[in-house]
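Secondary and tertiary structure notes
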Amino acid sequence: MAEAAVPTLVFTVTFLLSKDLRFAVVLSLVCAGLLLVARLVQRQTPQFVLNALVGIGIGAFFAWRAARGGGDANDQALAYFLPGLIYNSVYAVLLVLSTVVRWPLVGFMVGSVTGDPTAWHDDPQVVRLCGRLTLLLAAPCLLRVVVQAPLYVAGRTGAMDPDAAVGVIAGAKLAMGWPLQVVALLGMVWLLTRNKTPRAEA
């Protein structure tokens with residue numbers, strides 16, 4: 001979690017304080033590079049560092065396009081936040097839709113562990129449990145969109161002072177990132193420890 005969050009945190013804070021896109025990208029890349037080297041030295045997977053790099057790269061690309069279009073620092077910052085809103089919207093829709101059609105995505109995670117991707121669907125109790133777990137997984141994404149999307153629109157349309165909009169969205173992005181995800185994961189653990197996990201009869 002730290003590896004995924006720290007480079008993004010460095011980029012966001014640096015960009016908001018300095019309003020310098022290039023400096024923020026370089027600093028976050030240096031941070032991610034150090035984490036990557038640490039993983040490679042320990043011969044462990046660099047997957048999460050690479051995930052952070054992809055996220056930073058996409059956000060930076062959107063901000064760079066805004067800069068090329070003549071946008072000021074606030075326009076660049078708002079553009080940087082847009083991919084995250086799109087990602088959370090799509091992810092939330094997919095998770096909720098999978099639950100509505102009674103093929104919750106968490107079920108496929110269960111299937112990948114058991115070796116049969118669809119056997120879990122034969123048990124209605126397991127389907128219900130996986131549906132609840134999937135909705136808990138979707139909750140942080142939904143909350144991020146509900147809170148941050150109106151701020152983004154207000155900043156872009158001038159309904160809110162762009163400086164204020166950027167500051168509030170940045171704060172919301174940091175507070176609703178991994179801290180909110182950890183809360184959702186703890187909720188999933190709590191659900192699984194309520195002695196309600198389906199179990200086949202002997």
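Just so it is clear, the structure is predicted and the values come from calculations on it, not from any experiment.

Their axes nearest at 7 Å, the elements helix α1 (residues 2–18) and helix α3 (residues 47–68) cross at an angle of 30 degrees. Considering the angle they form, α1 stands roughly parallel to α3. Handedness of the crossing formed by α1 with α3: right-handed. Residues Glu3, Ala4, Pro7, Thr8 and Phe11 of α1 lie in contact with α3, whose contacting residues are Phe48, Val49, Ala52, Ile56 and Ala60. Class assignment of the residues belonging to the contact of α1 with α3 gives a composition of eight nonpolar, one polar and one charged.

The next thing to look at is the side chain of Thr14. Looking at where Thr14 falls in the secondary structure, it is placed in helix α1. Taking the relative accessible area as the measure of exposure, Thr14 reaches 12% and is therefore buried. With near-sequence residues (within four places) excluded, Thr14 lies in contact with Lys19, Phe23, Ala24 and Leu27.

This part takes up the side chain of Arg144. Note on placement: Arg144 falls in helix α6 (residues 124–157). Aside from chain neighbours lying at most four places away, what touches Arg144 is Leu85, Asn88, Ala149, Met176, Gly177, Leu180 and Gln181.

Here the focus is the UniProt feature "transmembrane region" (unreviewed entry) in the protein chain. Sites flagged by UniProt as "transmembrane region" (unreviewed entry) map to residues 21–41, 48–67, 79–101, 133–153 and 165–192. Split by type, residues 48–67 is 100% helix and 0% strand. Its first and last C-alpha atoms lie 29 Å apart. When the span residues 165–192 is considered, its composition is 93% helix and 0% strand, and the gap between its end C-alpha atoms is 39 Å.

Another aspect to go through is the nonpolar core. Core analysis: the largest hydrophobic core is formed by 18 residues, its most contacted members being Phe11, Phe15, Leu21, Phe81 and Ile169. Taken together, the elements giving at least two residues each to this core come down to α1, α2 (21–41), α3, α4 (73–100), α6 and α7 (162–175). Each residue touching Phe11, except ones within four places of it in the same chain, is listed here: Leu21, Ala24, Val25, Ser28, Ile56, Ala60 and Tyr80. In terms of nonpolar packing, the next biggest core, distinct from the first, is built from 12 residues, Leu95, Val127, Leu137 and Met188 among them.

Now for the environment of Asp123. Relative to the elements of secondary structure, Asp123 occurs in the loop between α5 (105–114) and α6. For Asp123, a relative accessible area of 29% corresponds to the partly exposed category. For the pair Asp123 and Ala92, spaced 31 residues apart in the sequence, the C-alpha separation amounts to 25 Å.

Overall, the coordinates contain eight aromatic pairs when judged by the stated rule. For the ring pair Phe11 and Tyr80, a centre distance of 4.4 Å and an interplane angle of 40 degrees mean the geometry is tilted. One end of the pair, Phe11, is in helix α1; the other, Tyr80, is in helix α4, with 69 residues separating them in the sequence. An identical accessibility class is assigned to Phe11 and Tyr80; each is buried. Pairing Tyr87 with Tyr91 gives two aromatic rings, centres 5.6 Å apart and planes at 10 degrees, and the pair type is stacked. In this pair, Tyr87 and Tyr91 both sit in helix α4, four residues apart, roughly one turn of the helix. Judged by relative accessible area, which is 51%, Tyr87 ranks as exposed. Among the residues examined, Tyr91 registers a relative accessible area of 29% and is labelled partly exposed.

Although it is not a glycine, Arg43 sits at a positive phi angle of roughly 55 degrees. Within the secondary structure, Arg43 sits in the loop between α2 and α3. Its relative accessible area of 79% is what places Arg43 among the exposed residues. Phi at Arg102 is positive, roughly 65 degrees, even though this residue is not glycine. Within the fold, Arg102 resides in the loop between α4 and α5. Owing to a relative accessible area of 42%, Arg102 belongs among the partly exposed residues under this scheme.

Here is what the cut-offs are and how they apply
Residues numbered from 1 in each chain as written. Predicted model: local features only at pLDDT ≥ 70, side-chain atom pairs only at ≥ 80, totals over all residues. Heavy atoms only, no water. Axes fitted to C-alpha atoms, helices over the stretch in contact; angles between N-to-C directions. Helix = DSSP H or I, 4+ residues; strand = E, 2+ residues; numbered from the N terminus. Parallel < 35°, antiparallel > 145°, perpendicular 65-115°, else oblique. Left-handed = near helix turned anticlockwise from the far one by under 90°. Contact = heavy atoms within 4.5 Å. Nonpolar A, V, L, I, M, F, W, Y, C, P; charged D, E, K, R; others polar. Buried < 20%, exposed > 50% of the residue type's maximum accessible area, 1.4 Å probe, protein only. UniProt positions renumbered as here; feature names shortened; annotations may be inferred. Core = buried A, V, L, I, M, F, W, Y, C linked by side-chain atoms within 4.5 Å. Phe/Tyr/Trp six-rings, centres within 6.5 Å; stacked < 30°, edge-to-face > 60°.

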